[in-house]
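Reading the structure
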Amino acid sequence: MISAFASLSRRERLLIGLAAVVLPAALIWQMLWKPLEAERAATAAEIARLDALIHVAAQANTTASQDSAPVDTRPPSQRITQSAAAAGIALTRLEPEGRQFRVAVSELQFDDALQWIAALRDEHGLKVAELDMARRLTPGAVTLTLALEPLQ
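A brief look at the structure comes next. (Residues numbered from 1 in each chain as written. Predicted model: local features only at pLDDT ≥ 70, side-chain atom pairs only at ≥ 80, totals over all residues. Heavy atoms only, no water.)

Okay, the overall build of the protein chain next. Looking only at helices and strands, the protein chain has four helices and four strands in total. Over its C-alpha trace the protein chain gives a radius of gyration of 29 Å, far above what one expects of a compact globule, namely 15 Å for 152 residues. Expressed along its principal axes, the backbone C-alpha trace of the protein chain runs to roughly 95 × 30 × 25 Å. Within the protein chain, the fraction of its 152 residues that count as buried is 22%. In the protein chain, once contacts between residues fewer than 6 apart in sequence are set aside, the share between residues at least 24 apart is 57%. Accessible surface, the protein chain as shown: approximately 10700 Å² in total, 62% of it carbon and sulfur. The protein chain carries 15 positive and 17 negative side-chain charges, and their two centres are separated by 11 Å. (Helix = DSSP H or I, 4+ residues; strand = E, 2+ residues; numbered from the N terminus. Rg over C-alpha atoms; globule rule 2.2 N^0.38 Å. Buried < 20%, exposed > 50% of the residue type's maximum accessible area, 1.4 Å probe, protein only. Contact = heavy atoms within 4.5 Å. Areas by Shrake-Rupley, 256 points an atom, 1.4 Å probe, with all protein chains shown as cover. Lys, Arg positive; Asp, Glu negative; His and termini not counted. Charge placed at Lys NZ, Arg CZ, Asp CG, Glu CD.)

Let us now look at the environment of Ala4. One can find Ala4 in helix α1 (residues 2–6). As for Ala4 and Ala85, which are separated by 81 residues in sequence, their C-alpha atoms are 83 Å apart.

Here we take up the pairing of strand β4 (residues 141–150). Both faces of the sheet carry side chains from a regular strand, because those side chains alternate between them. Buried residues dominate β4, accounting for eight of its ten residues. When strand β2 (residues 100–109) meets β4, the two strands line up antiparallel, connected through seven bridges. In the strand pairing of β4, Val105 is matched with Leu144. As paired elements, strand β3 (residues 126–135) and β4 share nine bridges and run antiparallel to each other. (Pairing = 2+ DSSP bridges.)

With that out of the way, let us pick up a nonpolar patch on the surface. Among the surface-exposed residues, Leu27, Ile28, Met31 and Leu32 lie close enough to one another that they form a single nonpolar patch of about 440 Å² accessible area. If you trace the backbone, Ile28 turns up in helix α2 (residues 10–66). For Ile28, a relative accessible area of 49% corresponds to the partly exposed category. (Patch = residues over 30% accessible without salt bridge, like charges linked within 9 Å, V, L, I, M, F, W, Y side chains within 5 Å. Salt bridge = Lys/Arg side-chain N within 4 Å of Asp/Glu carboxyl O.)

Oppositely charged side chains are able to pair whenever their charged atoms sit close together. According to the stated counting rule, one finds eight salt bridges in the structure shown. A salt bridge links Arg93 to Glu95; the nearest nitrogen and oxygen atoms lie 3.8 Å apart. What makes Arg93 partly exposed here is its relative accessible area of 33%. Between Lys127 and Glu149 there is a salt bridge, and its shortest N-O distance comes to 3.6 Å. Pair noted here: Lys127 is in strand β3 and Glu149 is in strand β4, with a separation of 22 residues, a long-range link. The network of salt bridges with common partners includes Glu97, Arg102 and Glu130.

Let's shift gears to the sheet that holds strand β1 (residues 93–97). What the four strands build is an open sheet, ordered β1-β2-β4-β3; its pairing is antiparallel. Where the open sheet ends on each side, the last strands, each with one partner, are β1 and β3. Going from strand to strand, the sheet's axes swing by 20° on average, the running direction of each strand aside. Across the sheet, helix α4 (residues 110–124) is in contact with β2, β3 and β4; its angle to β2 comes to roughly 150°. (Axes fitted to C-alpha atoms, helices over the stretch in contact; angles between N-to-C directions.)

The next thing to look at is the nonpolar core. Formed by 17 residues in total, the largest nonpolar core has its most connected members in Ile80, Leu108, Trp116, Leu144, Leu146 and Leu148. Looking at this core, the elements with two or more residues in it are α3 (76–87), β2, α4, β3 and β4. Once you skip the residues sitting within four places of it in the chain, Leu144 turns out to touch Val103, Ala104, Val105, Leu108, Ala113, Trp116, Ile117, Leu131, Asp132 and Met133. (Core = buried A, V, L, I, M, F, W, Y, C linked by side-chain atoms within 4.5 Å.)

Keep in mind these numbers describe shape, not what the thing actually does.
Written as structure tokens, this is what we have:
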């Protein structure tokens, strides 16, 4: 092998040496760097989307607390239970934690979740303190865990 390389002209040896450097670099670029860069860009876009969602949620909570919410004198647990029943949502857990109420729903449609959360704020005087929503296998379905507290 070495004798075959030595028998090549100077130009051919230079081209083979250059190819030995350029080809691995191109493979590293194509097989490692580009996929990592694409994943980084996708992650940055997801972070930007989540930041926008957090900003919208914060504005909604600020607006809701500034608006005069309807006065509902029923206990918060009763308001949560009745509003969920009215929306056709089956609660899997409802636990009081100090001033907040932890609510879990095992499966519901995303649109129904947003409408229910808006109704809790607008009609029942409850705001979302914490929210955890995860996708389910069924298209459009989510699991929902949230902490609710009275606006006042």
